[in-house]
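# Report on the structure
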Amino acid sequence: MTDSSPARYLAPLALVVFLLVVVVIVASSGGSSPARTGASPSGTEGAHKGASPPRHYTVKGSEASLAVIAEKNGVSLNRLIELNPSLDPQALAPGQRIRLRR
């Protein structure tokens, strides 16, 4: 009793093709965060050409989460929390300064 259905072979093949497509998409989506392109992120202080990365970031009214700020500035969320121990990530206010680097 052999099952000669083409689905028996096509399903694993489709899975392999899907995984390859995902790997290609992830590998080619290098992104263009300010840290990678060398552009100065908006809302930072002391960001001029050739200078070291800014140390602080001023929260804008449109930013709702610390994760957005972390991604925008090329800093991990855990690092922002470590650098700002008294910061409440749920209560960000416009004009609030956040340390990005030491």
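Residues numbered from 1 in each chain as written. Predicted model: local features only at pLDDT ≥ 70, side-chain atom pairs only at ≥ 80, totals over all residues. Heavy atoms only, no water.

## Side note on the overall build of the protein
A tally of regular secondary structure across the protein gives 4 helices and 2 strands. Walking the protein from its N terminus toward its C terminus, one meets helices and strands in the order α-α-β-α-α-β. Within the protein, buried positions represent 21% of all 102 residues. Restricting to contacts in the protein with at least 6 residues of sequence separation, those with at least 24 account for 50%. In the form shown here, the protein has an accessible surface area of approximately 7400 Å², with 61% of it arising from carbon and sulfur atoms. (Helix = DSSP H or I, 4+ residues; strand = E, 2+ residues; numbered from the N terminus. Buried < 20%, exposed > 50% of the residue type's maximum accessible area, 1.4 Å probe, protein only. Contact = heavy atoms within 4.5 Å. Areas by Shrake-Rupley, 256 points an atom, 1.4 Å probe, with all protein chains shown as cover.)

## What about the nonpolar core?
If you look at the biggest cluster of nonpolar residues, it comprises 11 residues: Tyr57, Val59, Leu66, Ile69, Ala70, Val75, Leu80, Leu87, Leu92, Ile98 and Leu100. The element that contributes the greatest number of residues to this core is helix α3 (residues 66-73), accounting for 3 residues. Apart from residues no more than four positions distant in its own chain, Leu80 is found in contact with Leu66, Ile69, Ala70, Val75, Ile98, Arg99 and Leu100. (Core = buried A, V, L, I, M, F, W, Y, C linked by side-chain atoms within 4.5 Å.)

## A closer look at α3
Among all positions of α3, only Leu66, Ile69, Ala70 and Asn73 are buried. The arc that holds every buried residue of α3, seen down its axis, measures 100 degrees, which confines them to one face. Count one or two residues on from α3 and you reach Gly74, which has phi positive near 70 degrees. (Arc of directions from axis to C-beta.)

## Remarks on a nonpolar patch on the surface
On the surface, a nonpolar cluster with roughly 450 Å² of combined accessible area is contributed by Leu10, Leu13, Val17, Val21 and Ile25. Turning to its location among the elements, Val17 is positioned in helix α1 (residues 7-28). Note on Val17: relative accessible area 44%, which makes it partly exposed. (Patch = residues over 30% accessible without salt bridge, like charges linked within 9 Å, V, L, I, M, F, W, Y side chains within 5 Å. Salt bridge = Lys/Arg side-chain N within 4 Å of Asp/Glu carboxyl O.)

## Regarding the confidence of the model for the protein
Within the protein, residue pLDDT values average 77, and 75% of them lie at 70 or more. Note that residues 32-48 has pLDDT below 50 and, in this model, 27 contacts with residues that lie over four places away or in other chains. (pLDDT = per-residue confidence, 0-100.)

## Focus on the pattern of salt bridges
Using the criterion set out here, one finds 1 salt bridge in the structure. Here Arg79 ties to Glu82 by a salt bridge, and the two come within 2.5 Å at their closest N and O atoms. Placement of both Arg79 and Glu82 in helix α4 (residues 77-83) is noted, with a separation of 3 residues, approximately one turn of the helix. What makes Arg79 partly exposed here is its relative accessible area of 29%.

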